[in-house]
Amino acid sequence: MSRIGKRPITIPNKVTVTIEGQQVTVKGPKGELQRVLPKQVTVEQEGETIQVRRRDESRLARQRHGLSRTLVANMVEGVSQGFERRLEIQGVGYRAQVQGRNLILNVGYSQPVEIVPPEDVQLAVEGNTNVIVSGINKEIVGNTAAKIRAVRPPEVYKGKGIRYAGEMIRRKAGKAGKK
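Quick caveat, the model's predicted, so the values are computed rather than measured. (Residues numbered from 1 in each chain as written. Predicted model: local features only at pLDDT ≥ 70, side-chain atom pairs only at ≥ 80, totals over all residues. Heavy atoms only, no water.)

(A) Examining the overall build of the protein more closely. The secondary structure content of the protein amounts to two helices and 13 strands. In terms of C-alpha radius of gyration, the protein reaches 21 Å, well past the compact-globule figure of 16 Å for 179 residues. Along the first, second and third principal axes, the C-alpha atoms of the protein reach 70 × 45 × 25 Å. Sequence-distant contacts in the protein: of pairs separated by 6 or more residues, those separated by 24 or more amount to 50%. Carbon and sulfur atoms make up 47% of the accessible area of the protein, which amounts to about 11,100 Å² in all. (Helix = DSSP H or I, 4+ residues; strand = E, 2+ residues; numbered from the N terminus. Rg over C-alpha atoms; globule rule 2.2 N^0.38 Å. Contact = heavy atoms within 4.5 Å. Areas by Shrake-Rupley, 256 points an atom, 1.4 Å probe, with all protein chains shown as cover.)

The following block contains the structure:
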């Protein structure tokens, strides 16, 4: 049995869960999320907890069991607390700013790079070099943060670029000096 899949999901106060067949809808103070789960699993609400079970012991059902439980747990956490990813910009003259809803990055290219976020994602900038991506859907928040990082990934010689907060970049020594 999947260790992750058999753990129950506790429903916090002010969060309501509606299960209609394979579609799970979660409403909370921050918004509403819905997802259709694979047919290999069943979702049952038992009081203040949700239990995800698999229909049979096939390989596909075992694969989907833990995944489905994690997806539902992320939906519950997203509508109650939300998710955020932080990015740091390092490099001389590299900076970010928010214009309306869009993020403008000046990261060493000849033109600034403009990033338009999805509808349910908010972007904020602290001190020109820290970007905060927040929202209720963990998948979309992570994808948006990855797209921002992909504009200028950190390079290994000087460490310049956009990195996740706390991400360690393995540095290379560079050329050996003359003797």
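Read on for the rest.
(B) Representation of the pairing of strand E13 (residues 161-164). Alternating positions in E13 separate into two faces, Gly161 and Arg163 on one and Ile162 and Tyr164 on the other, with burial throughout. Summarising the sheet, strand E7 (residues 83-90) and E13 pair through four bridges and their orientation is antiparallel. When the bridges of E13 are listed, Glu88 appears paired with Arg163. (Buried < 20%, exposed > 50% of the residue type's maximum accessible area, 1.4 Å probe, protein only. Pairing = 2+ DSSP bridges.)

(C) Local environment of the pattern of salt bridges. With the rule as written, the count across this model stands at seven salt bridges. Note that Arg53 is salt-bridged to Glu46, the shortest N-O span being 3.3 Å. Overall, Glu46 belongs to the partly exposed group, its relative accessible area being 37%. A salt bridge links Glu167 to Arg149; the nearest nitrogen and oxygen atoms lie 2.8 Å apart. Of this pair, Glu167 sits in the segment after E13 while Arg149 sits in helix H2 (residues 138-151); the two residues are 18 residues apart in sequence, bridging distant segments of the chain. Through salt bridges with shared partners, one network takes in Glu44, Glu46 and Arg53. (Salt bridge = Lys/Arg side-chain N within 4 Å of Asp/Glu carboxyl O.)

(D) The side chain of Thr144, seen in detail. Turning to its location among the elements, Thr144 is positioned in helix H2. Here Thr144 falls in the buried class, since its relative accessible area comes to 6%. Within the structure, Thr144 has its side chain in polar contact with the backbone oxygen of Ile140 (distance 2.8 Å). In contact with Thr144, other than residues within four places in its own chain, are Pro118, Val121, Leu123 and Val133. (Polar contact = N/O pair within 3.5 Å; in protein donor to acceptor, adjacent residues only side chain to side chain.)

(E) Molecular detail of the sheet that holds strand E6 (residues 49-54). The antiparallel open sheet is built from three strands, whose spatial order is E1-E6-E5. With one partner strand each, in any of the chains shown, strand E1 (9-10) and strand E5 (41-46) form the two edges of the open sheet. Here two bridges tie E1 to E6, and the two strands are oriented antiparallel to one another. Bridge pairing links Ile9 to Ile50 in E6. Against the sheet, helix H1 (residues 59-80) touches E1, E5 and E6, its axis set at about 160° to E6. (Axes fitted to C-alpha atoms, helices over the stretch in contact; angles between N-to-C directions.)

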